[in-house]
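The residues making up each chain are set out below.
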Amino acid sequence: MVRKGLQEQQQASRGGAAHRAALSAQSEAARTGIPNFAFLRPRGPSSDPLHFFIARRWELMAPAMVCVLVAMGVASRSAPGSFPLCLSFGAMLLCLAAPLLATLEGQFHHRSWKRYPLMLLAVALPMCLFGVAAAQWTYETPALDWRLTIKGYGILVLLATVLLDRRLTSIVAATVGVWAGASIHSASPQTMGLLAAGIGIGLSAAMRQSRIAARESARRAEQEREQHRAEELLREYEETGQGWFWETDRRAFITYVSPRIAELVGVPQEELYGRPFLGLFRLRAQDHESERTLAFHLSTRSSFQDIGVRAATDEKDERWWSISGRPVLDQFHNFLGFRGSGIDLTETRKSQQHATQLARFDSLTKLANRFQMSEWLEKVINSPRIENRACAVFLLDLDRFKQVNDTMGHPAGDALLKQVAERLRATVANMGRVGRLGGDEFQVILPGYHQHEGLGHLARRIIENLSQPYSIDGARVVIGASLGIAMCPDDGTTTEALIRNADLALYAAKGGGRGRHHFYDDDLHSDARERQQLEQDLRDAIAGDALELHYQPQIHTTTEKITGFEALLRWKHPRHGYLSPAKFVPVAEETGLVSQIGEWALRTACRDLAAWPHDVRVAVNVSPLQFANPDLPGIVAGAVAEAGINPARLELEITESVFLGEGKATEDMFGALKGIGVRLALDDFGTGYSSLGYLKKAPFDKIKIDQSFVRGATIDGSRNGAIISSIVSLAEALGMETTAEGVETFDELDLVRLLGCSHVQGYIYEKSLTSAEAAARLEQGLSAVATGPRSARAPRQTMLRKVVLEHGGHIYHATIRNISSTGAMVEGLWNVPADTQFGIQLADDNVVLATARWCREDRMGVEFVRPLQLDGSGAVLFSPSRVDPEAGPKASDSGLMRKAG
């Protein structure tokens, strides 16, 4: 009940949650079949360590003493005599009697002096007896070293500190007892002095403990008085009818409601308990002014305040309540239910009803709402004067906003929308009107005639301003915006036509890569139809199981063995053949099909993996939308169990975008996935928009280096190699593997090996394979052989062009077989040493310097000192470019001969 919950909240936070956790652990142990050992279960209620000296767990000291005796006997290869054995047995019996003595102590008042003799009997005496027994055994047995005995004493003292659990007086008594027993055989003045000091410390601790207990008792008494006062105030608040309270369990069933509400509903208070909380209200979609309804908050377990709902009463007039509530969590952040209050706002509701119906502004952003924007656009288009009917309509959609909601929660999304509205209003200023249509859609109406250049400039300013970083609850958030533009009268003369065409332009902007604007064009209608057809074809492909998974091998750089495959999604369209994932994956994301496709890919990859060797893994990409799904751990676990594979053989590749909010939900998801046992890889590292802070917590096993860093890494002056080296060093420091993607040439392979990448993936070893091809490849063994070009080179043109080469004052005639901006293959010269320099006359007054890099028979490859220019089509431009006369060739021409004939 609410009042009782408010009274007992502090007490529950101190002890109730711990007790529930203990009971839960006990029931879980019984359910799973874990043996219920004595030291794993409570033996009755635990005594208060503040007021009582004997802990029930003190009985565990008996087996500890047995262990110490056994260790001493094994080390010395001896057995204790009858006297030490009897003393030890007596000490163990006293320890085993701890639960009984603790019960007896609990019957005394916490200030009674009788607790001290019991403490000495239960704690100090057994420790002293054991100390005497161990010392006597050590004196009787020369093979038993005192150092071993002292270590045994130390272990018992440490265990006593743990078992006695903050009972300072008992801990001191146990410590003094064991050392007193050990000192009997050497009762020197120094020893007696030390024992006296220990006893003094024990008395001081007992006095201090007594003072602490007294203060704590006073504090608790004051707390009880405050709770009683709060209870009286709450009772008066309810009885006066000013408000009422309610409480639910975790299923949103009523556990308490004020008697006044039971009277209004016409149901006895006790009968309301166990009924759905929403049953107290008549909920209709049109009853809610806010997007965040009561049912929404109850389902998402989020706090809410002042939500207006209609009461489910039999009164003639409608009764309205304002409901506020918050989720209740225990100390382990387990959701227990809701607790809140309500007030009657019937009269307030009546007075505001008319104003609510005429509301013209968005309640969240304070911008004009859809109704007002539509009304204003209608007014412009239907203006009496034709020249006043011109206008431009901007439709805006925020890029990556859904990821903010999924990763940070709807409150963060609302805060972001407010900041977006402020920036949009400031950017447009007095040029037009700004409104929010709903969700993350905004609209701008600019009256009058406008040139395309001016509208494009404003659109770019809007996108640029909205794409600047935001600060939400201390987290850095970056989103984008896409914008579609339609103009009146060119693109339509009705509200519906303008909005439809602006929406098509917006879709074209998003399809072009997002973060851009697009003007309406008549061709967009056909594009929309094509996109609609592609969506339908994709749905048919999913239903008809027409999607495929291809697998690209991942090779260990040191052993050149296949360690796993990355699963790549492929779709062979019935008319267009294989489509690029870049074409149909965005359609799947926008239509919500990506989760269905992702689950299919997980199950298919696991099923294929089951037939592969046990030391081969498979990596499956997980989209941000999948990662935000709370059911993802269950889906992954189901796919693994269905395939019957070791979870460690499945690797989930996750991009940086999941860390957009770095919220608790992200951490919980990582914990759940790692709990299943799967591996996690950070995909496309360094290409996202998040910080490195997430690497402190995210339990990744591998970092994948994006192919954009591998491309061009071998070119002189490129910084990509330094970036790869830094990523590898970071991964090694964090205990993670690294995979370099997109390696296609030997020089790239050599570079990533040199920089320490542990794995390689790319065409240098193998292109992606079908499931059958991958299985056949594995049957050949795991060894992989790199094949491919020595280095990446610019695209070459095939030709037969006669040229003249000059070297050391000699002229040679030859033919160019192919050429690019950086080099060419020349035919006609034999035995040309590497690094020989030539002047090549490509055309009249066009001589370029080149260096021979290789020569086989009568063909040689040359590299230009300066790259040639290309024309608009990418062909080499043979424009005149005179060679520096002072930079002529100087290499030796020994062995250089013209081709005979």
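Remember, it's a predicted structure, so these values are computed and weren't measured experimentally. Within any chain, residue numbers begin from 1 and follow the written order of that chain's sequence. Residue-level local features of this predicted model are given only where pLDDT is at least 70; pairs of side-chain atoms are given and counted only at 80 or more, and the full residue set underlies all totals for whole chains, interfaces and linings. Side-chain calculation: all heavy atoms of the structure are included, whereas hydrogens and water are not.

Looking at the packing of helix α4 (residues 98–106) against helix α5 (residues 115–140)
Packed helix pairs are specified by the crossing angle of their axes together with the interaxial distance, meaning the distance between the axes.
Next, step 1: Only the stretch in contact is used when fitting a helix axis, every axis being a line fitted to C-alpha atoms; angles between N-to-C directions are given from 0 to 180 degrees. Helix and strand definitions follow DSSP, with helices as H or I runs of at least four residues and strands as E runs of at least two, each counted in order from the N terminus. The N-to-C vectors of α4 and α5 enclose an angle of 175°; their axes lie 10 Å apart at closest approach. Comparing the axis directions of α4 and α5 gives the class roughly antiparallel. Contacts from L101, L104 and E105 of α4 reach α5 at R115, L118, L121 and A122.
Next, step 2: A class-by-class count of the residues in the contact of α4 with α5 yields 5 nonpolar, no polar and 2 charged. The cut-offs work like this: below 35 degrees is roughly parallel, past 145 is roughly antiparallel, 65 to 115 is roughly perpendicular, and the gaps in between are oblique. The contact criterion used is simple: two residues touch if any of their non-hydrogen atoms lie within 4.5 Å. Each residue receives one of three labels: charged for Asp, Glu, Lys and Arg, nonpolar for Ala, Val, Leu, Ile, Met, Phe, Trp, Tyr, Cys and Pro, and polar for the others, Gly being one of them.

Observations regarding the sheet that holds strand β4 (residues 304–311)
In a beta sheet, neighbouring strands are held together by backbone hydrogen bonds and run either parallel or antiparallel to one another.
Next, step 1: What makes two strands pair is DSSP finding at least two bridges between them. Spatial strand order, β2-β1-β6-β5-β4-β3: 6 strands in an open sheet with antiparallel pairing. Edge positions in the sheet fall to β2 (254–257) and β3 (281–282), since each has one partner strand and no second.
Next, step 2: In terms of strand pairing, β4 meets strand β5 (residues 320–329) through 5 bridges, oriented antiparallel. Paired with V309 across the strands is W321, a residue of β5.

Notes on the environment of A672
Next, step 1: By secondary structure assignment, the location of A672 is in helix α23 (residues 664–676).
Next, step 2: Separated by 42 residues in the primary sequence, A672 and P630 place their C-alpha atoms 9.8 Å from one another.

Some remarks on the confidence of the model for the protein chain
Next, step 1: With 85% of its residues at a pLDDT of 70 or more, the protein chain has an overall mean of 81.
Next, step 2: With pLDDT under 50 throughout, residues 1–44 is counted as low confidence; its partners more than four residues away or in other chains account for 44 contacts.
Next, step 3: In the model, residues 286–291 has pLDDT below 50 throughout and makes 11 contacts with residues more than four positions away in sequence or in other chains. Confidence scores per residue from the predictor, reported as pLDDT, run from 0 to 100.

Considering helix α20 (residues 594–609)
Next, step 1: Here α20 spans 22 Å end to end across 16 residues, near enough to the 22 Å set by a 1.5 Å rise per residue.
Next, step 2: Among the residues making up α20, those that are buried are V594, I597, G598, A601, L602, T604, A605, C606, D608 and L609. Every helix has an expected span of 1.5 Å times one less than the residues it contains. To sort residues, take the accessible area from a 1.4 Å probe on protein chains only and compare it with the maximum for the residue type: under 20% means buried, over 50% means exposed, and anything in between is partly exposed.

Things to note about the packing of helix α14 (residues 401–408) against helix α15 (residues 410–428)
Next, step 1: One can describe the packing of α14 onto α15 by two numbers: an axis separation of 7 Å at closest approach and a directional angle of 140°. Where α14 approaches α15, its residues F401, V404, N405 and M408 are matched on the opposing element by H410, A412, G413, L416 and L417.

Comments concerning the pattern of salt bridges
Next, step 1: The working definition used for a salt bridge is a side-chain nitrogen of Lys or Arg within 4 Å of a carboxyl oxygen of Asp or Glu. With the rule as written, the count across this model stands at 27 salt bridges.
Next, step 2: In this structure, E653 and K704 form a salt bridge, with 2.8 Å as the shortest nitrogen-oxygen distance. In this pair, E653 is assigned in strand β18 (residues 650–655) and K704 in strand β20 (residues 702–705), connecting sequence segments 51 residues apart. For the pair shown, E653 and K704 are each scored as buried.
Next, step 3: Bridged by salt links that share partners, the residues R617, E651, R679, K702 and E737 form one connected network.

A closer look at the pairing of β20
Next, step 1: Of the two faces of β20, the one carrying K702 and K704 and the one carrying I703 and I705 are both buried.
Next, step 2: Here 3 bridges tie strand β19 (residues 679–685) to β20, and the two strands are oriented parallel to one another. When the bridges of β20 are listed, F685 appears paired with I705.
Next, step 3: The pairing of β20 with strand β21 (residues 737–741) spans 4 bridges and is parallel. The residue of β21 that forms the bridge with K702 is E737.

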